[in-house]
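Reading the structure
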Amino acid sequence: MPVRFDLMIDHLTIVAVATAFSVVIGIALGVAAYWFKYLERIILGFSDTVQTIPSLALLSLLMIVFGLGNKTLIIGLVLYALLPIVRNTFTGISGLAPHLREAAKGMGMSKIQVLVKVELPLAFPLIFSGIKIAVVTSLGIAVMGVLIGAGGLGYPIYRGIQTRNSALILSGAVPVVLLALIFDYGMSKIEYMLTKRAKNKNEKERTTCETNLSA
Amino acid sequence: MTFMAKNSGLIINETLNHMRLVGISTLFGLMISVPLGILLSRRRRAAKYVLALVGTVQTIPGLVLLGFAMIVFGIGSKPAIVVLTLYAILPALRNTYTGITEVDPGCIESAKGIGMSNIQTLLKVELPLALPSIVGGLRMSVIYIISWATLAGLVGAGGLGDLIWTGLATYENNFILTGAILAAVMALASGALIGLLQNIMTPRGLKVRR
Amino acid sequence: MIQFENVCKRYGKATVIDDLSLTVEEGQFVVLIGPSGCGKTTTLKMINRLIEPDKGRIFVNGSDITRVNAVALRRTIGYVIQQIGLFPNMTVGQNISVVPKLLRYTNAQCDEITRSLLQLVDMDYDVYAHKYPSELSGGQQQRIGVLRALAASPPIVLMDEPFGALDPITREALQEEIKKIQRKLKKTIIFVTHDMDEALRLADTIVFMNGGRVVQIASPEEMLRNPKEDIIKNFMGKRISKVDYNSLLAADIMRASVLKVHKTKLTLECVDLMNRRQVNTLLVVDDDERFLGIVTIDDIKKHGRAGKEIGDLVSTETSVIGAGDSAKEAFERLVDSRSGYVVVKHPNDTVAGLITKTSMVKAMAEAMWGEQE
């Protein structure tokens, strides 16, 4: 059974492109939901609904509109990846302690500056965890791309099921599962480091406060 | 409309089929995950490994699992139900576990301290307080299963996926639209319905505030 | 009656309870107190078998508690904890009647119990019985926590820092209520706290623990008067009288910085000095700093001439006391003396200081209220 590196690269490329789009769109929507209270329900509701729609249903509906091919798959993946990123961006920012925001404003930062210099960096560990979920989910769902004429590791799996050839299924399935596990593991490690760093910073701040108090 | 009229029997049949697949595997999933979740809440060290293992299974794409299940169990409902049950387990299991482990330790200490046995503590305190979380897990399980059940058509288990497959194979958009929209509606409706259930099952004392 | 007999408990290598023997009489309000990690909470939790001892035996009313089923035992012992731990899914009424329900009391009995208990803390049944814990304030929640512990009329109630998380005003109100309840219902209460004020206010008997051992068992009064070890004194802080009035010495109540002049100083110099320092008396000393007597401004005015040595004018008619004499005696001399001061001398006759009315009052204030700012 040949290892289909070409298909793996195809698969990864599709997921990477989709993730890039969903990160940009997802963070933007998350910020919009936070900035504009009236958009909160619409944006979070929309990404929640999209996630609920069965993937095959969503992809085939998209195919009717956009036709066969990688483009349709990428659109589908972007839509799927939105929810974790939007939600985590939104909760990450709105969960920040108000005093940080006030301090930043008090130093004379504009709304954009507060966002870029304070809110997004502090919310980043949580946003990153959303991106991780998006990537791992996308790797799995991209397999379905074969059904709407897109490339990637779905092809050998689908052919294998049709011909009842387990070797062929495995040649697609093993790389997909490995990729998902590797990304899950690696990104969890990074996420852990990010959160730990953030926590350490907070801890340090707290101890200085306490020392000042006791002094 | 003529399409609908012509194929109404098929559509209704596959919708019911889909519901049957989802219903059965949800039931199996709950029967496994709730007791297992309770057990894990008593064995916290083992819980970490079990949850990690089940989480790993969850990352395997549905298409792959389905393919293997077909090779092992043959064509029909059986491989589909096995795979869907597996998918149903994780969210319900994780939520049962976290729901119970997140019950205020003060409540559990009081329960023990005033003389509740372990089983009374579980039934009167832990489970009622974990119920909203468990139902939340159930909601996620059902939504997942409705989604993956659309693939069941591939292994000859029928369901709404069959309509979509037919459409994809014959470039008949009406089939695709019908199957996809029905599946989406089913997922959204179940999500909303179980969300409502979750609200009802949340003890009133957890909702009211001073 | 609760008895501990040579009870030990260790976690790994750490000994939490070290050969503890203790007897609590029926109807007593016993407060366990000590620094954190002293084993007070462990001691408490061993009574209702939430923690089992490694060695030794515990008796409640004469019977070894390990002979009784732990669950059955706990139903006969009330239990209140700092986190309150009301069941949020149950109403106030349901929370109170949890134990009666476990003991299969009828609904009517449970309702009756709820009514009478709520009355005990002045909470109206109709207003509160059907509320949920989340609708109550912290103080009200802990009142219900206490009532829940009392519901099945247990003769013994265990309380683990029950008021520790409440604000001071609420805490005081609840302390009063629990004391009232204890007197009225004649419960045996074992109460853990790290707050000495609370212990002094509530206890019939205070058990002070440290390092898993009992340091002292005494009534509040006795513990205040005779704290056995420094750690208890530290815990008492300012409440304890740091000074034993009988052992107070003249040196303790004097002012040490006084204006002394050598006998060869000339009169005008002395007048100038007195003017500058705003005093009317000088203590005169010889070459060896020994006290010779005093000179007042009046003496200088009456008998002094410019250029004369001050030594010739000293008056020896002053009250003098040794630094090692008792403060009480110094006080008596001060009252008797017309001058309003007593000179304090060291045994070698050098000047130690001066006791004035001001220095006396200051020293007494310090003895009573501690070091003043």
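Residues numbered from 1 in each chain as written. Chains lettered and ligands numbered in written order. Predicted model: local features only at pLDDT ≥ 70, side-chain atom pairs only at ≥ 80, totals over all residues. Heavy atoms only, no water.

**Examining the overall build of chain A**
Where we set the bar: Labels follow the DSSP assignment, with helices taken as runs of H or I lasting at least four residues and strands as runs of E lasting at least two, numbered in each case from the N terminus. Three exposure classes are used, based on accessible area relative to the maximum for each residue type with a 1.4 Å probe and protein chains only: buried under 20%, partly exposed in between, and exposed over 50%. Residue contacts follow a heavy-atom distance rule, with two residues in contact if any of their heavy atoms lie within 4.5 Å. Note on areas: these come from Shrake-Rupley sampling with a 1.4 Å probe, and a residue is covered only by the protein chains present in the view. Working convention for charge: Lys and Arg count positive, Asp and Glu count negative, and His plus the chain ends are omitted. By convention, the point assigned to a charge is CZ for Arg, NZ for Lys, CD for Glu and CG for Asp.
In terms of helices and strands, chain A carries eight helices and zero strands. Traced from its N-terminal end to its C-terminal end, chain A shows the element sequence α-α-α-α-α-α-α-α. Overall size of chain A, expressed as C-alpha extent along the three principal axes, is 75 × 35 × 25 Å. For chain A, the residues scored as buried account for 46% of the 215 residues in total. Long-range contacts, defined as pairs at least 24 residues apart, comprise 75% of the intrachain contacts of chain A with a sequence gap of at least 6. As displayed, chain A offers around 10900 Å² of accessible surface, 68% of which is attributable to carbon and sulfur atoms. When the 19 positive and 11 negative side-chain charges of chain A are each reduced to one mean point, those points stand 3 Å apart.

**Points about the sheet that holds strand 7 (residues 156-160) of chain C**
All names here are of chain C. Operational definition: Pairing between strands is defined by DSSP: at least two bridges between the two strands are required. For helices, the fitted line uses only the C-alpha atoms of the stretch in contact; every axis is such a line through C-alpha atoms, and the angle between N-to-C directions lies from 0 to 180 degrees.
Taken together, the six strands give an open sheet; going across it, the order is 6-7-8-3-9-10, and neighbouring strands pair in mixed fashion. The sheet is open, and its two edges are formed by strand 6 (77-81) and strand 10 (213-218), each paired on a single side. Between one strand and the next, the sheet's axes are offset by a mean angle of 15 degrees, whatever the strand orientation. Two elements, strand 9 (residues 205-210) and strand 10, share five bridges in a ladder whose sense is antiparallel. Bridge pairing in strand 10 links Val-207 to Ile-217.

**Observations concerning the nonpolar core**
Operational definition: Among buried residues, the Ala, Val, Leu, Ile, Met, Phe, Trp, Tyr and Cys ones that are joined through side-chain atoms within 4.5 Å form a nonpolar core.
Leu-73 and Ile-157 of chain A together with Leu-151 of chain B are the most contacted members of the largest nonpolar core, which has 102 residues in total. When residues in this core are grouped by element, the largest group, 12 residues, is from helix 4 (residues 70-94) of chain A. One finds Ile-113, Tyr-128, Leu-166 and Leu-202 of chain C within the second-largest nonpolar core, a separate group that totals 45 residues.

**Examining the sheet that holds strand 12 (residues 281-285) of chain C**
Pairing between the strands of a sheet is mediated by backbone hydrogen bonds and can be parallel or antiparallel. All names here are of chain C. The mixed open sheet is built from three strands, whose spatial order is 11-12-13. The sheet is open, and its two borders are formed by strand 11 (260-262) and strand 13 (291-296), each paired with just one other strand. If you compare each strand with its neighbour and ignore which way they point, the axes differ by 35 degrees on average. Pairing of strand 12 with strand 13, which is carried by five bridges, proceeds in the antiparallel orientation. Residue pairing across strands places Leu-282 opposite Val-295, the latter belonging to strand 13.

**Some words on the interface of chain C and chain B**
What counts here: Two parts placed together each lose some accessible area; with a 1.4 Å probe, that loss summed over both constitutes the buried area. By definition here, a salt bridge exists when the distance from a side-chain nitrogen of Lys or Arg to a carboxyl oxygen of Asp or Glu is within 4 Å. In protein, a polar contact means a hydrogen-donor-capable atom and an acceptor-capable atom, both N or O and within 3.5 Å, with residues adjacent in sequence counting only if both atoms are side-chain atoms; elsewhere, any N or O pair within 3.5 Å suffices. Three residue categories are used. Nonpolar comprises Ala, Val, Leu, Ile, Met, Phe, Trp, Tyr, Cys and Pro, charged comprises Asp, Glu, Lys and Arg, and polar comprises the others, including Gly.
At the junction of the two partners, chain C supplies 26 residues and chain B supplies 23 residues. For the pairing of chain C and chain B, the buried interface totals around 2100 Å² over both sides, and the portion due to carbon and sulfur atoms is 62%. Interface area lost by chain C to chain B is led by Phe-87, Asn-89 and Ser-134 of chain C, which between them contribute 24%. At the boundary of chain C and chain B, one finds one salt bridge. Glu-109 of chain B is paired through a salt bridge with Lys-45 of chain C; the nearest N and O atoms lie 3.3 Å apart. In this assembly, chain C and chain B are joined by nine residue pairs in polar contact (both at pLDDT 80 or more). For the side of chain C that touches chain B, the elements supplying multiple residues, two or more each, are helix 2 (70-75), strand 6 and helix 4 (98-102) of chain C. Residue composition of the side of chain C that touches chain B, by class: 15 nonpolar, six polar and five charged.

**Focus: the interface of chain A and chain B**
Across the contact, 30 residues belong to chain A and 34 residues belong to chain B. With both chains or domains summed, chain A and chain B bury close to 2800 Å², and 84% of this area falls on carbon and sulfur atoms. Broken down residue by residue, the surface that chain A buries against chain B is led by Thr-52, Ile-161 and Arg-164 of chain A, which jointly contribute 20%. At the surface where chain A touches chain B, the tally comes to zero salt bridges. Those elements that place two or more of their residues in the side of chain A that touches chain B are helix 2 (37-52), helix 3 (55-66), helix 6 (111-141), helix 7 (154-163) and helix 8 (166-214) of chain A. By residue number, the principal contributor to the side of chain A that touches chain B is helix 8 of chain A, which donates eight residues. Its residues placed into classes, the side of chain A that touches chain B shows 22 nonpolar, six polar and two charged.

**Some points on the pairing of strand 9 of chain C**
Residue and element names in this part refer to chain C. Within strand 9, five of the six residues are buried, which leaves the element mostly enclosed by the surrounding structure. Relative to strand 9, strand 3 (residues 29-33) is paired through four bridges, and the arrangement is parallel. Paired with Ile-33 across the strands is Phe-208, a residue of strand 9. Counting the residues in the hairpin turn of strand 9 and strand 10 gives two residues, including Gly-211, whose phi is positive at 55 degrees.

**What to know about the side chain of Thr-91 of chain C**
If you trace the backbone, Thr-91 of chain C turns up in the loop between strand 6 and helix 3 (92-96). Excluding residues within four positions of it along the chain, Thr-91 of chain C makes contact with Ala-129, His-130, Lys-131 and Tyr-132 of chain C.

**Looking at the side chain of Ser-60 of chain A**
As for its placement among the helices and strands, Ser-60 of chain A is situated in helix 3. Classification of Ser-60 of chain A as buried rests on a relative accessible area of 1%. Once residues within four sequence positions are removed from consideration, Ser-60 of chain A is found in contact with Ile-148 of chain A together with Ile-164, Leu-168, Ile-176 and Ala-180 of chain B.

**A few points about helix 3 (residues 62-73) of chain B**
Residue and element names in this part refer to chain B. The test is simple: Multiplying one less than the number of residues by 1.5 Å gives the expected span of a helix.
For helix 3, built from 12 residues, the straight-helix expectation of 16 Å at 1.5 Å per residue is met to within 8% by its first-to-last C-alpha distance of 16 Å. Listed as buried for helix 3 are Gly-62, Leu-63, Val-64, Leu-65, Leu-66, Gly-67, Ala-69 and Met-70. One or two steps after helix 3, the chain reaches Gly-74, where phi turns positive at roughly 80 degrees.

**Focus: unusual backbone geometry**
Its identity is not glycine, yet Tyr-171 of chain B carries a phi of approximately 55 degrees, on the positive side. Within the secondary structure, Tyr-171 of chain B is located in the loop between helix 7 (160-170) and helix 8 (173-201). Taking relative accessible area as the criterion, Tyr-171 of chain B reaches 63% and is therefore assigned exposed. One non-glycine residue, Asn-6 of chain C, lies in the positive phi region at around 50 degrees. Following the sequence through the fold, Asn-6 of chain C ends up in strand 1 (residues 2-11).

**Brief notes about the confidence of the model for chain A**
Residues and elements named next belong to chain A. Convention followed: Residue-level confidence of the predictor is what pLDDT reports, using numbers from 0 through 100.
Looking at chain A, the pLDDT average stands at 85 and 91% of residues meet or exceed 70. Within chain A, the element-level pLDDT minimum falls on helix 8, averaging 73, and the maximum on helix 1 (residues 5-35), averaging 93. Predicted confidence for residues 204-215 stays below pLDDT 50, and this span has zero contacts to residues more than four positions away or in other chains.

**Details of the packing of aromatic side chains**
Just so we agree on the cut-off: Here a pair means two rings of Phe, Tyr or Trp (six-membered ring of Trp) with centres within 6.5 Å. Their orientation is stacked below 30 degrees between planes, edge-to-face above 60, and tilted elsewhere. By definition here, charges over rings are those cases where NZ of Lys or CZ of Arg is within 6 Å of the ring centre and within 35 degrees of the ring normal.
Following the criterion strictly, the structure yields seven aromatic pairs over all chains and no others. Where Phe-124 of chain A meets Phe-128 of chain A, the ring centres are 6.0 Å apart and the plane angle is 50 degrees; that geometry is what we call tilted. Here Phe-128 of chain A and Phe-124 of chain A lie together in helix 6, a separation of four residues that amounts to about one turn. Judged by its relative accessible area of 36%, Phe-124 of chain A is partly exposed. Under the relative-accessibility criterion, Phe-128 of chain A is labelled buried at 12%. Ring-pair connections join several aromatic residues into one group, and the members of that group are Trp-35, Phe-36 and Tyr-38 of chain A. For the cation-ring pair, Lys-111 of chain A lies above Trp-35 of chain A, with the distance from its terminal atom to the ring centre recorded as 4.9 Å. The side chain of Lys-48 of chain B reaches across the aromatic face of Tyr-49 of chain B, ending 5.7 Å from its centre.

**Observations concerning helix 4 (residues 77-101) of chain B**
Residues and elements named next belong to chain B. We apply this condition: The angle between axes fitted to the seven-residue stretch ending at a residue and the seven-residue stretch beginning at it gives the bend at that residue.
The end-to-end C-alpha distance of helix 4 is 36 Å, a good match for the 36 Å that 25 residues give at a rise of 1.5 Å each. Helix geometry: helix 4 is bent most strongly at Ile-89, by close to 25 degrees, with proline Pro-91 lying one to four residues after it. Counting buried residues along helix 4, 18 of its 25 residues qualify, which places the element largely inside the surrounding structure.

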